[in-house]
Amino acid sequence: MQFEPIGVFDSGIGGLGVLTQCLGALPDESFVYLADEKNMPYGQKSEAEIRNAALAAADFLAKKGCKAIVVACNTATEVAIDDIRRKYPALITVGLEPAVRPCCRELGRGYAVALVTEATARSEKFKNLVSVCDGRVKVAPQNDLARLVEMHKADLELLRKPVFDVLRPYPDAESVILGCSHYTYLRGLVREFYGERIKIYDGAEGAAARLNYLLALADKKAPKGQKGKVEYFSSLNFA
């Protein structure tokens, strides 16, 4: 018997880190992953463009018979997750949120720097999220970093200079929040810049835990021992 899959989408490779966390938390489930490369990067687009792209991705996953949708992109979550939930109220929908709350809870006397896209930095949801941290999170919007990760995914060492340039204004940061799914690929370079003392946060593990919880609550988890599979798609292959 084939059980309904879980849909995951991002503008490219960024969401693969979220997918990995979901596979670890839910090993019996099947997944459909959509890389919306036709609209990559979301962070440089207007809110209307991001919303339209995210809804189109959700439409694709709904047509694939998915029982849940994971918006594995911080920018698309900030802009469009409410629209996806309104359009598909019967589907479990989980977003990716910059890990500001856990970072602030664990922050010592210093400050954190949040690397996010410009679209995320503009969003009211993100501003409200950061506002509870009493000015201890410094927001560093990035215009082109996600595209660079996508371009140089085969050799991320090429991004050492641009990443170090981004971090140089924050030499004594206590923590770094990777507020874009693509930035998780830069974890090694961030640690190289700061050394072992730095704490690095992203939202992938939290999104997977939330998905697990909601599926269990709705009694929609696949049976244990079910042999799941993962299918991969790119919007570049669509008409």
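See the structure shown above.
Residues numbered from 1 in each chain as written. Predicted model: local features only at pLDDT ≥ 70, side-chain atom pairs only at ≥ 80, totals over all residues. Heavy atoms only, no water.

## Examining the sheet that holds strand 5 (residues 112–117)
Put simply, the test is: By the convention used here, strands pair only if DSSP detects at least 2 bridges between them. A run of DSSP states H or I qualifies as a helix once it reaches four residues; a run of E qualifies as a strand once it reaches two. Both are numbered from the N-terminal end. To define axes, lines are fitted to C-alpha atoms, for helices over the stretch in contact only, and angles between the resulting N-to-C directions are given on a 0 to 180 degree scale.
In spatial order, the strands read 6-5-7-8; together these four strands make up an open sheet with parallel pairing. Bordering the open sheet on either side are strand 6 (137–142) and strand 8 (199–201), each of which pairs with just one other strand. In this sheet, neighbouring strand axes are inclined to one another by 20° on average, regardless of whether the strands run parallel or antiparallel. Pairing between strand 7 (residues 175–178) and strand 8: three bridges, direction parallel. Within strand 8, the position partnered with V176 by the bridge is I200.

## Structural notes on the sheet that holds strand 4 (residues 92–95)
Note on sheets: strands pair through backbone hydrogen bonds, and any given pair is parallel or antiparallel. Strand order in the open sheet formed by five strands is 4-3-1-2-9, with parallel pairing between adjacent strands. Because the sheet does not close on itself, it has two edges, and the strands there are strand 4 and strand 9 (230–234). Averaged over all adjacent pairs, the angle separating strand axes in this sheet is 15°, with direction ignored. Relative to strand 4, strand 3 (residues 68–71) is paired through four bridges, and the arrangement is parallel. Note that in strand 4 the partner of I69 across the bridge is T93.

## Some remarks on the packing of aromatic side chains
Note the following rule: Within 6.5 Å between ring centres, the rings of Phe, Tyr and Trp (the latter by its six-membered ring) count as paired, and their orientation is classed by plane angle as stacked under 30 degrees, edge-to-face over 60, tilted in between. For every residue, the accessible area obtained with a 1.4 Å probe (protein chains only) is divided by the maximum for its type, and the residue is called buried under 20%, exposed over 50%, and partly exposed between those limits. A ring has a charge above it when a Lys NZ or an Arg CZ is no more than 6 Å from the ring centre and no more than 35 degrees off the ring normal.
Under the definition given, this model contains four aromatic pairs. Ring geometry for F60 against F233: centres 5.3 Å apart, planes inclined by 70°, an arrangement best described as edge-to-face. Remark: F233 occurs in strand 9 and F60 occurs in helix 2 (residues 47–63); sequence separation between them is 173 residues. Relative accessible area serves as the criterion here: at 17%, F60 is assigned to the buried category. Following the ring pairs from residue to residue traces out a cluster consisting of F164, F193 and Y194. We note K138 situated over the ring of Y111; from NZ or CZ to the ring centre the distance is 4.1 Å.

## Focus: unusual backbone geometry
Each neighbour pair has its own omega, and for M40 with P41 the value is 0°, a cis peptide bond. Position of P41 among the secondary structure elements: in the loop between strand 2 (31–35) and helix 2. Even without a glycine there, the phi angle at D134 is positive, about 55°. Within the element layout of this structure, D134 appears in the loop between helix 6 (124–131) and strand 6. At D219, a residue that is not glycine, the phi angle is positive and equals roughly 55°. Here D219 shows up in the loop between helix 10 (204–217) and strand 9.

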